[in-house]
Amino acid sequence: MAQTPARPERGAGRTSSYRALLGRDSLRRFILAGAFAFAAPTAVLVALIWAMATAYPGLPPSQQVEYGALSLALIGLSATIPTLLSAVFSGTLADRVERRRLMLVVSLVSLAATFGLMVDLTVSPSSHVGLPGVAGYYLPLWAIPVFPLWATITTATTIYRPAFNASLPRLVSTAELGTANGLVYASAIAVSVVATLLTPALFPYVGVGLALGVPLLLFLFGALYLVLLDENLSPARTGEPRRFLPEALEGYRYLWRRKALLEITLAALLINFFSAVAFVELGLYVRTWLNLGTGLYVGALLAGASLGSGAGTLLIARFRFERHAGRYLIALTAFQGLAVLGLAFVHTVWLALPDMFLFGVLPGMFMTVFLSTVQATVPNEKLGRVLAADEVGSYALVPIGQYVGGLLTLAGGIQVTYIIAGLGTTTIGVLMLGFRELRRLGFDPQHPPPERAEPTSSLRSVGTEPLATDA
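Small disclaimer: the values here were computed from a predicted structure and weren't measured. (Residues numbered from 1 in each chain as written. Predicted model: local features only at pLDDT ≥ 70, side-chain atom pairs only at ≥ 80, totals over all residues. Heavy atoms only, no water.)

Here we come to the overall build of the chain. When helices and strands are tallied, the chain shows 18 helices and 2 strands. A total of 471 residues make up the chain; the buried ones form 59% of that total. Sequence-distant contacts in the chain: of pairs separated by 6 or more residues, those separated by 24 or more amount to 84%. Total accessible area computed for the chain in this model is approximately 18600 Å², and 67% of it derives from carbon and sulfur atoms. (Helix = DSSP H or I, 4+ residues; strand = E, 2+ residues; numbered from the N terminus. Buried < 20%, exposed > 50% of the residue type's maximum accessible area, 1.4 Å probe, protein only. Contact = heavy atoms within 4.5 Å. Areas by Shrake-Rupley, 256 points an atom, 1.4 Å probe, with all protein chains shown as cover.)

Listed below in C-alpha cells is the structure:
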C-alpha cells in the first residue's frame, strides 16, 4: 500500500509545490502514465475526424457537407453509447480491482484497437455501403470497422479514467489535490498538443492510417509507465465484500444524497449536450466555415483548446478555489458558452485559434475544481463509483447532442449549430445560479476529515465534515 504522503507546510506556496510533487518518483511515473493514456485518444480522434470529413471527394460541396455531417455524427454515436454503458460499471471495477492492474489491461486493449485502425485506414478498401438517411448517402467500406474499434478505445478510456482519478488521493494529501490535478492534466494536455499537431502533420507524407503510429506509441508508453509504478493504488476495503450490482448502485446512491454533486451532474448533462452539438462538426467547421483544406487545422484547433485547458488546470490553483468551488463552477460554465458562441462569428483561423484557447481554459479550470472537490470529500473506497456515476449522468445526452449537431448543420449550416451550442451553454450557467447547494459547495484543504465522511443533511460544518460554508 502506498505510504501516506507528508502534508506540505502551511506556509508553502503553490508554485514551489509543483517541483516538490514532481520530485516524487511514484507520482511522476503516475503522471506520465496518465499523460500518455489521456493524450492518445485525442490523436486518434483527429485522424478519424479528418478521414470522415474527406471521405466524399468528387461529390458536389453540398453533398460533401451532408454526408460528412452524418458520418461524423455516427463516429460520435459509435463511441458514446458503449462509453455510457461501460461507465455504469467502470467505477465499481476501480473500487474492486487493483487499480494499477486494471489501468494496464485497458491500456493494452486501446493499443490493440489503435493498431486495428491503423491497418484498416492503411488498406482503405475503395468500395462503399449504402445507408438510409439523406438520398444517396453511403459509407466507404473502410469506415465500417472504424466504429467498433473507436468504440473499443473510448470504452477502455472510460474504464481507465475513474481508476486513475480515484488513485491520485492515494499519492498526495488533500491540501495538494488542486496542485496535483493541475500537474496531471497539464502534463496530459502538453502531450496531447504535440500529438494532435504531429498526427495530422504526417497525413500528407504517410497517410492517415500510418499517422496513427503516434497514438499507438502513446498507449505503449502509458502502459510501460504503469509497469514501472510499484504502488498499490487501491484503498483498504472496510466491511465484507458485496455482490457487484449492489456495490455499483452505491455510487449512484451516494451521488443522489449529495445534492451539490447531483446538481453539478445535472448541469453537466446539458453542458456536454451542447458541447457535443458543436464539436462533433469540427471537421466541417474547418472545411466549410473557415475554408481550410488540410487536416492540420483541425489538429491546430484541438491543440489550441488543449493548451488553454492546460493553462486553466495550472492557473486555477492560484485562485484558492476550494472554499467556494461551486461558485467557480457556475461562472466558468457561463463563460464557456460565450467562448463557443464566439466561434460562430469568426471566419479566420487566426481568430478561431485564440477563441479555442480561451474555450479550453474554462473547461480545464472546471475539471480541476470538480475533481479536487470530489477527491477531497468522497471516501476513497467509493471514489471510483461516484466518479463513474457522475460520468453516466453527465454524458447521457451526448449521443443525442451529436446527432442533433448533424441535423442542425444540415438544416441551418455550421454557424447556426455553433450559435445554438454557445447560447445554450451560457444559459445553463445562468440557471445554475438557482442551485442553492451548489453555490455553497466547497471544502477546507487544510483540515480534511480523518476519513472522508458520509454526507449529512447539513453542509455548513467546516473541518469535521467535507463541505465548507459560505463566507
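This part covers the packing of aromatic side chains. Taken as a whole, this structure holds 12 aromatic pairs when the rule is applied. With a centroid separation of 5.9 Å and 15° between ring planes, the pair formed by Tyr160 and Phe164 is classed as stacked. Remark: Phe164 and Tyr160 occur in helix α5 (residues 143-167); sequence separation between them is 4 residues, near one turn of the helix. The same class applies to Tyr160 and to Phe164, which are both buried. Within the aromatic cluster, the residues linked to one another by ring pairs are Phe30, Phe38, Tyr160, Phe164 and Tyr185. (Phe/Tyr/Trp six-rings, centres within 6.5 Å; stacked < 30°, edge-to-face > 60°.)

A few words on the side chain of Ser309. Within the secondary structure, Ser309 sits in helix α12 (residues 296-315). For Ser309, a relative accessible area of 14% gives the class buried. Not counting residues up to four positions away in its chain, the partners in contact with Ser309 are Ile189, Gly360, Val361 and Gly364.

This paragraph deals with helix α8 (residues 213-228). Compared with the 22 Å implied by 1.5 Å per residue over 16 residues, the 23 Å span of α8 between its first and last C-alpha is a close match. For α8, the set of buried residues is Gly213, Val214, Pro215, Leu216, Leu218, Phe219, Gly222, Ala223 and Leu226. Looking at the buried positions of α8, the neighbouring elements they touch are α2 (25-53), α4 (99-123), α5, α6 (177-201) and α7 (203-211). (Expected span 1.5 Å × (residues − 1).)

Turning our eyes to something else, we now look at the nonpolar core. Counting 137 residues, the largest nonpolar core has Phe30, Tyr160, Phe279, Tyr285 and Tyr418 as the members making the most contacts within it. With 19 residues, the single largest contributor to this core is α2. Excluding residues that lie within four positions of it along the chain, Tyr285 makes contacts with Leu290, Leu301, Leu343, Val346, Ala352, Ile414 and Tyr418. (Core = buried A, V, L, I, M, F, W, Y, C linked by side-chain atoms within 4.5 Å.)

The next subject is the environment of Gly413. Looking at the element boundaries, Gly413 is found in the loop between α16 (398-412) and α17 (414-431). For Gly413 and Glu66, which are 347 residues apart along the polypeptide, the C-alpha to C-alpha distance reads 10.0 Å.

In this section: the packing of α6 against α8. It is the contact of α6 with α8, at a shortest axis distance of 9 Å, that shows an interaxial angle of 155°. If you check the angle between α6 and α8, you find them roughly antiparallel. Here α6 contributes Val191, Ala195, Leu198 and Thr199 to the contact with α8, which in turn contributes Val214, Pro215 and Leu218. Looking at the contact of α6 with α8 residue by residue, the classes come out as 6 nonpolar, 1 polar and no charged. (Axes fitted to C-alpha atoms, helices over the stretch in contact; angles between N-to-C directions. Parallel < 35°, antiparallel > 145°, perpendicular 65-115°, else oblique. Nonpolar A, V, L, I, M, F, W, Y, C, P; charged D, E, K, R; others polar.)

Turning our attention to the environment of Ile428. Tracing the sequence through the fold places Ile428 in helix α17. Judged by relative accessible area, which is 9%, Ile428 ranks as buried. Along the backbone, Ile428 and Ile271 are 157 residues apart, and their C-alpha atoms lie at a distance of 7.0 Å. Discounting chain neighbours no more than four positions away, the residues touching Ile428 are Ala267, Leu270, Ile271, Phe274 and Thr333.

With that settled, the discussion passes to the pattern of salt bridges. Inspection of every chain in the model, using the stated rule, returns 10 salt bridges. Residue Arg99 is joined to Asp95 by a salt bridge in which the shortest nitrogen-to-oxygen separation is 3.0 Å. Accessibility expressed as a relative area gives 6% for Asp95, which makes it buried. What you see here is one network of salt bridges that share partners, running through Glu250, Arg253, Arg257 and Lys382. (Salt bridge = Lys/Arg side-chain N within 4 Å of Asp/Glu carboxyl O.)

Here we take up the confidence of the model for the chain. Detailed reading of the predicted coordinates is not advisable wherever pLDDT falls low. In this model, the chain carries an average pLDDT of 81, and 87% of its residues clear a pLDDT of 70 or more. At the level of individual helices and strands, the chain shows its lowest average pLDDT in helix α1 (residues 14-22), which scores 66, and its highest in α8, which scores 95. Between residues 1-16, whose pLDDT stays under 50, and residues either more than four places distant or in other chains, the model counts 29 contacts. This model gives residues 450-471 a pLDDT under 50, and the stretch forms 61 contacts once residues within four places in sequence are excluded. (pLDDT = per-residue confidence, 0-100.)

Take a nonpolar patch on the surface next. Taken together, Leu217, Leu220, Phe221 and Leu224 make up a surface patch of nonpolar side chains, about 340 Å² in accessible area. Following the sequence through the fold, Leu220 ends up in helix α8. (Patch = residues over 30% accessible without salt bridge, like charges linked within 9 Å, V, L, I, M, F, W, Y side chains within 5 Å.)

On to α12, then. The first and last C-alpha atoms of α12 sit 28 Å apart over 20 residues, in line with the 28 Å expected at 1.5 Å per residue. Across the 20 residues of α12, 14 count as buried, placing the element largely inside the fold.

With their axes 8 Å apart at the nearest point, α2 and α8 run at an angle of 160° to one another. Classified by the interaxial angle, the pair formed by α2 and α8 is roughly antiparallel. Of the two elements, α2 crosses α8, and the hand of that crossing is left-handed. Along the contact surface, α2 presents Arg29, Leu32, Ala33, Phe36, Ala37, Ala39, Ala40, Pro41, Ala43 and Val44, while α8 presents Pro215, Leu218, Phe219, Phe221, Gly222, Tyr225, Leu226 and Leu228. Split by residue class, the contact of α2 with α8 holds 16 nonpolar, 1 polar and 1 charged. (Left-handed = near helix turned anticlockwise from the far one by under 90°.)

Backbone geometry at Asn291 places phi at a positive 55°, although glycine is not the residue there. Of note, Asn291 is situated in the loop between α11 (282-289) and α12. Positive phi outside glycine occurs at Arg320, with the angle close to 50°. Turning to its location among the elements, Arg320 is positioned in the loop between α12 and α13 (325-343).

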